[in-house]
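Each chain, written out:
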Amino acid sequence: MNFKAIRIFEEDGQYIPKIVERKIEDLPKGDVVIKVLYSSLNYKDALSCTGNKGVTRNFPHTPGIDAAGVVYSSENTDFKAGEEVFITGYDLGMNTDGGFGEYIRIPSSWIIKKPKNLSLKEAMIYGTAGFTSALSIYELILIVDPEDGPILVTGASGGVGSHSVKFLVKLGYEVVGVVENEEKRKFLLGLGASDTLTRDEFKDTTNKAMLKQTWAGIIDTVGGDPLSTAIRSLKYGGVVTTCGNVAGGNIDHMNVYPFILRGVRLIGIDSVQCPKEKRNEVWSMLANSWKASQLEDGIIEVQLEEILEKVHDMLNSRLIGRVILKHSR
Ligand SMILES: NC(=O)c1ccc[n+]([C@@H]2O[C@H](COP(=O)([O-])OP(=O)(O)OC[C@H]3O[C@@H](n4cnc5c(N)ncnc54)[C@H](OP(=O)(O)O)[C@@H]3O)[C@@H](O)[C@H]2O)c1
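What you see as residue numbers is a count from 1 along each chain, following the sequence as written. The predicted nature of this model means local features are confined to residues of pLDDT at least 70 and side-chain atom pairs, given and counted, to a pLDDT of 80 or more, with totals for whole chains, interfaces and linings taken over all residues. Side-chain numbers here rest on the full set of heavy atoms in the structure, without hydrogens or water.

**Re the site of the ligand**
A single heavy atom is enough: if one lies within 4 Å of a molecule or strand, its residue is considered near that molecule or strand. Contacts to the ligand come from 24 residues, most closely from G159, V160, K184, R199 and S271. Polar contact is the term for a pair of N or O atoms within 3.5 Å; when the atoms are in protein, one must be able to donate a hydrogen and the other to accept it, and sequence-neighboring residues count only if both atoms are side-chain atoms. At a separation of 3.3 Å, an oxygen atom of the ligand approaches a polar backbone atom of G158. The backbone of I269 places a nitrogen or oxygen atom 2.9 Å from a nitrogen atom of the ligand. Each accessible area value is a Shrake-Rupley result obtained with a 1.4 Å probe; residue values ignore everything except the protein chains displayed when judging cover. In the complex, 87% of the free accessible area of the ligand, which totals 920 Å², lies under the protein chains. Per the convention used, a helix needs a DSSP run of H or I reaching at least four residues, while a strand needs a run of E reaching at least two, with both numbered from the N terminus. Of all elements in the fold, only α2 (120–140) and α3 (159–170) reach the threshold of two or more residues within the shell around the ligand. A per-class count over the shell around the ligand returns nine nonpolar, 11 polar and four charged. Residues are sorted three ways: Asp, Glu, Lys and Arg are charged, Ala, Val, Leu, Ile, Met, Phe, Trp, Tyr, Cys and Pro are nonpolar, and all the rest, Gly among them, are polar.

The following block contains the structure:
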């Protein structure tokens, strides 16, 4: 049986995407084959599509770090043909062919059984971005209460950022988001943020050891200089979570003073190797108490042929919100 997949080919130092026909026998080893119905677009997919060797070492390759669908065949008796399942993280879409193909073959240990109150489409509306956001907020709310003050979200118009705004608003926090333009500002206010700052307005140019105490908590999705500003502008006892590096991998102008004089905390978030027990707990929250009533608002649904245009938009900061991929057969 043939199926369709995006393959990124390395040709003379260029990375060329093509839609090709493949067979299940072509897929990497694994004990479960899944017919993928939905995937989603994450920043890591955009990097994999454009040949970033930090994400994908070997080409040709099929990106897609998220996949939701039904079990097609299984050598593990815990999974039955037709069962609805999804996967986020591990090596999917990095060096194991991912959800931008209509079938995947993976180790059963990566699979999450779909919780009762969540559809496969909803699982991919969350996807890695929503799951990472939930892991971040899970940590933040252990330390910061809504009455402690506003929460800032950087990269707020993106996948992780926009989910974070939705969750925080639902949990009763005042949220301010960093966004780049007026269209993104409107989008964020529509999600319930009380205000926005542009990247420039949030940027610190003083390089002071500590800045005015402004934020009770910060969900940082971009790293680099904004993360440095974030740490230095937290209120006493505040917390910042860090998950991304779109603004850079280094944290310049950092020093120990916010930590030793204000007791602030910096918490790292990893969704890729997150242990199964915590995964199941967080996905159960996403299916129930944290589930937004308008989960589909602002979601862009595309087919395989359209996803590469969205990759381009994502890498050029033109994307607003979350893109999900629906396979057509
Ligand atoms: N640790 C983990 O497990 C994990 C999981 C998922 C994602 N991540 C990482 O988290 C980050 C965000 O992922 P995502 O899927 O939400 O990406 P995304 O949808 O592309 O969102 C990133 C947002 O950051 C802003 N941005 C882009 N370039 C920037 C820059 N140079 N400086 C400041 N802001 C910038 C953009 O908004 P504006 O243009 O409006 O500023 C964009 O909407 C990525 O680095 C990703 O790899 C990590």
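**Re helix α6 (residues 224–232)**
To sort residues, take the accessible area from a 1.4 Å probe on protein chains only and compare it with the maximum for the residue type: under 20% means buried, over 50% means exposed, and anything in between is partly exposed. The element α6 is extensively covered by neighbouring structure, given that seven of its nine residues are classed as buried. Among the residues of α6, G224, L227, S228, T229, A230, I231 and R232 are the ones counted as buried. On its buried side, α6 packs onto α5 (199–202), β11 (215–220), β12 (234–242), α7 (257–262) and β13 (265–268). Only heavy atoms enter the contact rule, under which two residues are in contact if any of them lie within 4.5 Å.

**Let's talk about the packing of aromatic side chains**
Planes of paired rings set the category: under 30 degrees apart is stacked, over 60 is edge-to-face and the rest tilted, where pairs are Phe, Tyr or Trp rings (Trp by its six-membered ring) whose centres lie within 6.5 Å. This model, assessed by the stated rule, comprises nine aromatic pairs. Pairing Y90 with W110 gives two aromatic rings, centres 5.7 Å apart and planes at 5°, and the pair type is stacked. Taken as a pair, Y90 in the loop between β5 (84–88) and β6 (103–106) and W110 in the loop between β6 and β7 (112–113) lie far apart in primary sequence, 20 residues in all. Owing to a relative accessible area of 12%, W110 belongs among the buried residues under this scheme. Centroid distance F131 to W283: 5.6 Å. Interplanar angle 5°. Geometry classified as stacked. Note that F131 is positioned in helix α2 and W283 in helix α8 (residues 276–287), a separation of 152 residues in sequence.

**Here we look at the pairing of strand β14 (residues 299–302)**
One requirement defines pairing of two strands: DSSP has to find at least two bridges between them. When β14 meets strand β15 (residues 322–326), the two strands line up parallel, connected through four bridges. By the bridge assignment, I300 is partnered in β15 with V323. Crossover handedness is defined by viewing with both strands directed away from the observer: a clockwise path from the first strand over the helix to the second marks the crossover as right-handed. Considered for its hand, the β-α-β crossover made up of β14, helix α9 (residues 307–315) and β15 is right-handed.

**Overview of the environment of K116**
If you trace the backbone, K116 turns up in the loop between β7 and α2. The exposed category is assigned to K116, whose relative accessible area is 80%. For the pair K116 and G130, spaced 14 residues apart in sequence, the C-alpha separation works out to 18 Å.

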